[in-house]
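Each chain, letter by letter, is given below.
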Amino acid sequence: MTIRLAASILSADFSALGRDIDAVTRGGADQVHVDVMDGHFVPNLTIGVPVVKSLRKATTLPLDVHLMITDPDRFIAPFIDAGANLISVHVEVLPHLHRTIAQIKKLGAQAGVVLNPSTPVSAIEEVAADVDFVLVMSVNPGFGGQVFIPRSLAKIRAVRALLDRVGNQAAPIEVDGGVDLNTVASVVDAGAEWLVAGQAIFGGGAAESAARALKDAAQRASHGGRR
Ligand code: DX5
Ligand code: ZN
């Protein structure tokens, strides 16, 4: 397993994003998770393309852009032009998911599909061989600092089994929501390799050490792990 820590800037200080990203980079974060919300698909508004463009100048880490928006197809090219390296889209809003995934890849980014807590794993069965990664939501999207939904562990295992069954062993599972020092080992044990964390990193005022502690815990859990 290759653990990657994705620092979610949703819980960072928006007036000092460069400083906060530098801190988590020193703490071992592997990618910057950017939560884009439109006030329609989820009940919150966050940030858009211009912020990603500025982040691109502020970090060399991959920008992991999670689109929680009703019409992601319209914004894939602008986000990739702005510097996004990974784009994840929710299956719940995409009737032509196969085409959307192909478009993300064609434009040069890695394509991820996201499942809300109430969305069954079967929703991605037909595209499981095509994706670069799967993002399992372990809270209902919209806000940082929510409590991890325990049922997500079974879902991570089921997604891992699906990806393996269709020959996509290389595609990692990313998990998003409520990942902290209490939940990280169980998430890794279930088969997640990319760990999004916002509140657990930025919530306590010492982002560098919090990132380092979370990544160390994840790596320790992965050593006892499945593969
Ligand atoms: C929630 C977002 C998450 C969020 C996670 O809708 O997709 O990325 O920032 O925050 P924590 O780690 O605080 O649960
Ligand atoms: Zn997210």
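Residues numbered from 1 in each chain as written. Chains lettered and ligands numbered in written order. Predicted model: local features only at pLDDT ≥ 70, side-chain atom pairs only at ≥ 80, totals over all residues. Heavy atoms only, no water.

1. Concerning the sheet that holds strand β1 (residues 4-8)
Here is step 1 of the chain: Reading around the circumference, β1-β2-β3-β4-β5-β6-β7-β8 is the order of the 8 strands in this closed barrel, with parallel pairing throughout. Recorded for the sheet is a direction-independent mean angle of 25 degrees between the axes of neighbouring strands.
Here is step 2 of the chain: Relative to the sheet, helix α5 (residues 152-165) contacts β5 (110-115), β6 (133-137) and β7 (173-176), its axis offset from that of β6 by approximately 165 degrees. (Pairing = 2+ DSSP bridges. Helix = DSSP H or I, 4+ residues; strand = E, 2+ residues; numbered from the N terminus. Axes fitted to C-alpha atoms, helices over the stretch in contact; angles between N-to-C directions. Contact = heavy atoms within 4.5 Å.)

2. Structural notes on the coordination of the zinc ion (ligand 2)
Here is step 1 of the chain: Protein coordination at the zinc ion (ligand 2) comes from H33 (NE2), D35 (OD), H66 (ND1) and D176 (OD), with a distance range of 2.0 to 2.3 Å.
Here is step 2 of the chain: Taken together, the 6 donor atoms coordinating the zinc ion (ligand 2) span angles of 71 to 169 degrees at the metal, a pattern that classifies the geometry as octahedral.
Here is step 3 of the chain: Counting along the primary sequence, the residues that act as donors to the zinc ion (ligand 2) give the motif H-x1-D-x30-H-x109-D. Taken together, the residues span a long stretch of sequence, with D35 in strand β2 (residues 31-37) and H66 in strand β3 (residues 63-68) at a distance of 31 residues.
Here is step 4 of the chain: Classification of H66 by relative accessible area gives buried; the value is 0%. (Donors = N, O, S within 2.8 Å, 3.2 Å for Na, K, Ca; no water. Tetrahedral: all angles 85-135°; square planar, octahedral: opposite > 155°, others 65-115°. Buried < 20%, exposed > 50% of the residue type's maximum accessible area, 1.4 Å probe, protein only.)

3. Some words on the site of ligand 1
Here is step 1 of the chain: Around ligand 1 there are 20 residues in total, and S8, D35, G142, G145 and D176 lie nearest to it.
Here is step 2 of the chain: Within the backbone of G142, an N or O atom sits 2.7 Å from an oxygen atom of ligand 1.
Here is step 3 of the chain: Contact distances for ligand 1 include 2.9 Å between an oxygen atom and a backbone N or O atom of Q199.
Here is step 4 of the chain: More than half of the atoms belonging to ligand 1 lie within 2 Å of the grid points that define the largest pocket.
Here is step 5 of the chain: Among the residues forming the shell around ligand 1, the class breakdown is 8 nonpolar, 10 polar and 2 charged. (Near = heavy atom within 4 Å. Polar contact = N/O pair within 3.5 Å; in protein donor to acceptor, adjacent residues only side chain to side chain. 1 Å grid on protein atoms, 1.4 Å probe; cavity = no way out; pocket = protein on both sides within 12 Å on 5 of 7 lines; lining within 4 Å. Sits in = over half its atoms within 2 Å of the grid points. Nonpolar A, V, L, I, M, F, W, Y, C, P; charged D, E, K, R; others polar.)

4. Here's the deal with the pairing of β7
Here is step 1 of the chain: Across the two faces of β7 the burial is the same, with I173 and V175 and E174 and D176 all buried.
Here is step 2 of the chain: Two strands pair when backbone bridges link them, and β6 and β7 are joined in this way by 4 bridges, in the parallel orientation. What sits directly across from V134, in β7, is I173.
Here is step 3 of the chain: In terms of strand pairing, β7 meets strand β8 (residues 194-197) through 3 bridges, oriented parallel. Note on β8: the bridge partner recorded for V175 is L195.
Here is step 4 of the chain: As a crossover connection, the stretch from β7 through helix α6 (residues 184-190) into β8 is right-handed. (Right-handed = clockwise from strand over helix to strand, strands pointing away.)

5. Points about the pattern of salt bridges
Here is step 1 of the chain: The final tally for this structure, using the stated rule, is 9 salt bridges.
Here is step 2 of the chain: A salt bridge links R19 to D20; the shortest N-O distance between them is 3.0 Å.
Here is step 3 of the chain: Looking at D20, the relative accessible area reads 9%, which means it is buried.
Here is step 4 of the chain: Notably, a salt bridge pairs R212 with E208, separated by 2.9 Å at the nearest N-O pair. One end of the pair, R212, and the other, E208, are both in helix α8 (residues 207-223), 4 residues apart, so they sit about a helical turn from each other.
Here is step 5 of the chain: For R212, a relative accessible area of 35% translates into the label partly exposed.
Here is step 6 of the chain: Sharing partners across several salt bridges, the network here consists of D13, R19 and D20. (Salt bridge = Lys/Arg side-chain N within 4 Å of Asp/Glu carboxyl O.)

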